[in-house]
Structures are given as C-alpha cells and as structure tokens.
Amino acid sequence: MNGLSFGELCCLFCCPPFPGRIAAKLAFLPPEPTYNLTPIDESKAKYLLSFNERAEWPYSEREKENVEGFFTRTSRGNKLSCIYVRCSSNAKYTVLFSHGNAVDLGQMSSFYLGLGLRINCNIFSYDYSGYGMSTGKPSEKNLYADIDAAWHSLRTRFGVSPENIILYGQSIGTVPTVDLAARYEVGAVILHSPLMSGMRVAFPNTKRTWFFDVFPSIDKVSKIGSPVLVIHGTEDEVIDFSHGLSIYEKCPKAVEPLWVEGAGHNDVELYNQYLDRLKKFISVELNN
C-alpha cells in the first residue's frame, strides 16, 4: 500500500483496527441541534417544528407549514428525525436526500425548500443517528439502518412508489445512498461528492478495499440498476475529485456527469451548472 505496512495502519487506527473507530475518526461531526420537534398532542402523531437562530431559516412561518417533521424508528432501535418538504403540488418525483457532514435538518431545511421549488420535486430527508433530534450514535451500521427507516417511512407514510423516488446523497450521505440503491431499484440516483471508501479518503494511495475499511461504496456501485448522476468539484479539498471519477466509471447506468471546474467540497451548489444539470436530468433525461 505504497509505504504503509499493515502494522503501521493498525497503529494509526488503534490496534486492532475496528471499523467503527475508523468511521468515527474519518466521518462524523454532528453539530449542536438547530431545531426542535415538539409533539402537538398526546398521540405524538404530529409535531411542531421550530428552528433556532443557527438554522438560518430565511422564509416566513407560512412557508414553514410546507415542512412536516416527525419521528420513525430504525431496526437498530434509534429514534430517527425526519422531514417532508412539500415544494410542488404536481411533482412527479420525491427526492430522498441524505445530507453531508456537520449539518442537521434545521440547517438544511431552507436549502431543501429552495432546491425543490427549482427542480419541481418534493424532498424527504432525515438526520443520521446522533444528529439533530435523532437518538443513538453515528456509525456505519447505523447509517444503513437510518436510510432504510427513512425509505420505509417515505414509502408507507407518504405512499411514494420506488419509481418516483430519487435518492440524493451528498458527501458522507452518498454512503447510505449507494447502499440502498444497490438493493432497491428507484427512479434515479444522484451522488454529490461521493467517496470510494474511508481508507481511500484517509490514504489516497490505497488501491484495494481492506477488510477493516469503512464505507466501501466503490464495491457496491456496480450493483445499482437505476440511472446515476455523479456530481463533483474538480478542486475538492475533502474528497478528491478522483473519487467521483472512479464512482462514475463503475456505475452501469451512469449518465453524463457534472464535473464543476474549480469547485471545492462545499460550494458546488453555488455554480449555475449545478441547477441546470439537475433540471436537465430530472425533467428531460428521466422522462425519455
């Protein structure tokens, strides 16, 4: 592995190299919660969603009525915080959005509303275990259980069919997105700044998937049977552009990717071609 012996790797990751410890070192940075979900009545079927100042909600209370918050339970026993953002009355697709690191649903809600309005999609999202109002601790296994619970809530609570669901993963959110997309056929998949695996992020010269590696998306993407749009900034300082390129090359049904020249890890959305490419993918390519 280009200068790193197995023993050296073990020392780096606390011998023995437990995958959970590697995941914790590489990935998870849950912020202080920026929102709250308070039950409206004793049935706990409906919740009042409130934001604090760090959520930076730029819209009025009227627009907030389009955001429905609730909890579901994962197979690993964690209470998962979810939101459904109604952006369009005639939307064909609902986006199941797995957000990036160091943010929660409060910080993402205004982005979801603006994005959904522009691409004519409703948006469903959730906070990973240990993020926002979700209980438990973030881990690789919990990531997979989290998106499973979100998927089943979207299907059952809102009655959205798989062919009308677009899975969207950003950064660490591409990990559960790829895992779910490899197991279910959906309308489409969007991978925004994806990573090949944890070891390949930490040690760019890694050429294979070690048994203690985490987030091995590169080994799963070949099983995705839905159309996949890969988006990556060419100057990404967190997850190198080479990750997006390798993921794209392994996807059987990849469409023309979006390589955003000069963009880093957190500013791809600020470039005009970002929205243009999403609109073309959803409105034109998926309907042909």
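Every residue gets a number counted from 1 within its own chain, in the order that chain's sequence is written. Selection of residues for local features in this predicted model requires a pLDDT of at least 70, selection of side-chain atom pairs for listing and counting requires 80 or more, and totals for whole chains, interfaces and linings are taken over all residues. Each side-chain value is derived from all of the structure's non-hydrogen atoms; neither hydrogens nor water enter the calculation.

## Some remarks on the environment of Val-268
Part 1 of the argument: Mapped onto the secondary structure, Val-268 falls in the loop between strand S10 (258–260) and helix H9 (272–284).
Part 2 of the argument: Separated by 10 residues in the primary sequence, Val-268 and Leu-258 have C-alpha atoms spaced 10.0 Å apart.
Part 3 of the argument: What makes two residues a contact is simply this: any of their non-hydrogen atoms within 4.5 Å. If we skip the residues at most four places from it in the chain, Val-268 touches His-192, Ile-231, Gly-233, Val-260, Ala-263 and Tyr-274. The helix and strand labels rest on DSSP assignments: H or I over at least four residues marks a helix, E over at least two residues marks a strand, and numbering proceeds from the N terminus.

## Remarks on the state of the cysteines
Here is the idea: a disulfide is a covalent bond, and it sits between the sulfur atoms of two cysteines.
Part 1 of the argument: When two cysteine sulfur atoms are found within 2.5 Å, that pair is recorded as a disulfide. According to the stated counting rule, one finds 0 disulfides in the structure shown.
Part 2 of the argument: The thiol sulfur of Cys-251 is not disulfide-bonded, and the nearest other cysteine sulfur, from Cys-121, lies at 20 Å.
Part 3 of the argument: Buried means the residue's accessible area, taken with a 1.4 Å probe over protein chains only, is under 20% of the maximum for its type, while exposed means over 50%, and partly exposed covers the values in between. Since its relative accessible area comes to 7%, Cys-251 is described here as buried.

## Looking at the packing of aromatic side chains
What characterises a pair of aromatic rings is the spacing of the ring centres plus the angle enclosed by the ring planes.
Part 1 of the argument: Ring pairs are drawn from Phe, Tyr and Trp, using the six-membered ring of Trp, whenever the two centres fall within 6.5 Å, and their geometry is named by plane angle: stacked under 30 degrees, edge-to-face over 60, tilted for the rest. Using the criterion set out here, one finds 18 aromatic pairs in the structure.
Part 2 of the argument: Plain terms: the ring middles of Phe-70 and Phe-158 are 5.9 Å apart, the flat faces sit at 55° to each other, and that makes the pair tilted. Highlighted residues: Phe-70 in strand S3 (residues 67–73) and Phe-158 in the loop between helix H5 (140–157) and strand S7 (165–170), separated in sequence by 88 residues.
Part 3 of the argument: Looking at Phe-70, the relative accessible area reads 2%, which means it is buried.
Part 4 of the argument: An aromatic cluster of three or more residues is present, and its members are Phe-70, Tyr-84, Phe-124 and Phe-158.
Part 5 of the argument: Here the guanidinium or amino end of Lys-79 rests over the ring plane of Phe-71, the centre of that ring lying 4.5 Å away. Two conditions define a charge sitting above a ring: the NZ of Lys or the CZ of Arg must be within 6 Å of the ring centre, and it must be within 35 degrees of the ring normal.

## Observations regarding the environment of Leu-115
Part 1 of the argument: Turning to its location among the elements, Leu-115 is positioned in helix H4 (residues 105–119).
Part 2 of the argument: The buried category is assigned to Leu-115, whose relative accessible area is 5%.
Part 3 of the argument: Once residues lying within four places of it in the same chain are set aside, the contact partners of Leu-115 are Phe-97, Ile-123, Tyr-274, Leu-275 and Leu-278.

## Details of the UniProt feature "domain: Serine aminopeptidase S33" (unreviewed entry) in the protein chain
Part 1 of the argument: UniProt positions are given in the numbering used here, feature names are shortened, and annotations may be inferred rather than shown by experiment. Feature annotation in UniProt assigns "domain: Serine aminopeptidase S33" (unreviewed entry) to the following positions: residues 90–199.
Part 2 of the argument: The straight-line gap between the two end C-alpha atoms of residues 90–199 is 43 Å; of that span, 39% is helix and 19% is strand.

## Focus: the sheet that holds strand S8 (residues 188–192)
Part 1 of the argument: For two strands to count as paired, DSSP must find a minimum of two bridges between them. In spatial order, the strands read S3-S4-S6-S5-S7-S8-S9-S10; together these 8 strands make up an open sheet with mixed pairing. Single-partner strands in this sheet number two, and they are S3 and S10. Ignoring which end each strand starts from, the neighbouring axes of this sheet average 20° apart.
Part 2 of the argument: Of the strand pairs in this sheet, S8 and strand S9 (residues 228–233) are connected by 4 bridges, and their pairing is parallel. For helices, the axis comes from a line fit to the C-alpha atoms of the stretch in contact; other axes are also lines fit to C-alpha atoms, and the angle between any two N-to-C directions lies between 0 and 180 degrees.

## A few points about helix H8 (residues 241–250)
Part 1 of the argument: Taken together, the buried positions of H8 are Phe-241, His-243, Gly-244 and Ile-247. The buried residues of H8 occupy one face: seen down the axis, they fall within an arc of 155°.
Part 2 of the argument: In this fold, the buried residues of H8 make contact with S8, helix H7 (198–202), S9 and S10. By construction, the arc corresponds to the directions joining the helix axis to the C-beta atoms.

## Things to note about the layout of surface pockets
Part 1 of the argument: In this analysis a 1.4 Å probe is tested at points of a 1 Å grid over the protein atoms alone, and where it fits but cannot get out there is a cavity; an open set with protein on both sides within 12 Å along at least five of seven lines is a pocket; lining residues have an atom within 4 Å of a point. Grid points are joined across faces, edges and corners, and a volume is the space filled by probe spheres set on the points. In this structure, the largest pocket occupies an estimated 760 Å³ of space.
Part 2 of the argument: Taken together, 32 residues line the largest pocket, and the ones lying closest to its centre are Gly-100, Asn-101, Gln-170, His-265 and Asn-266.
Part 3 of the argument: Those elements giving two or more residues to the lining of the largest pocket turn out to be helix H2 (19–26), H4, H7 and H9.
Part 4 of the argument: Estimates place the volume of the second largest pocket at around 250 Å³.
Part 5 of the argument: Along its surface, the second largest pocket is lined by 14 residues, and Ile-40, Tyr-47, Val-67, Glu-68 and Gly-69 are the ones closest to its centre.
Part 6 of the argument: Elements with a minimum of two residues in the lining of the second largest pocket: strand S2 (47–51), helix H3 (61–64) and S3.
Part 7 of the argument: Here the lining of the second largest pocket gets 4 residues from one element, more than from any other, and that element is S3.

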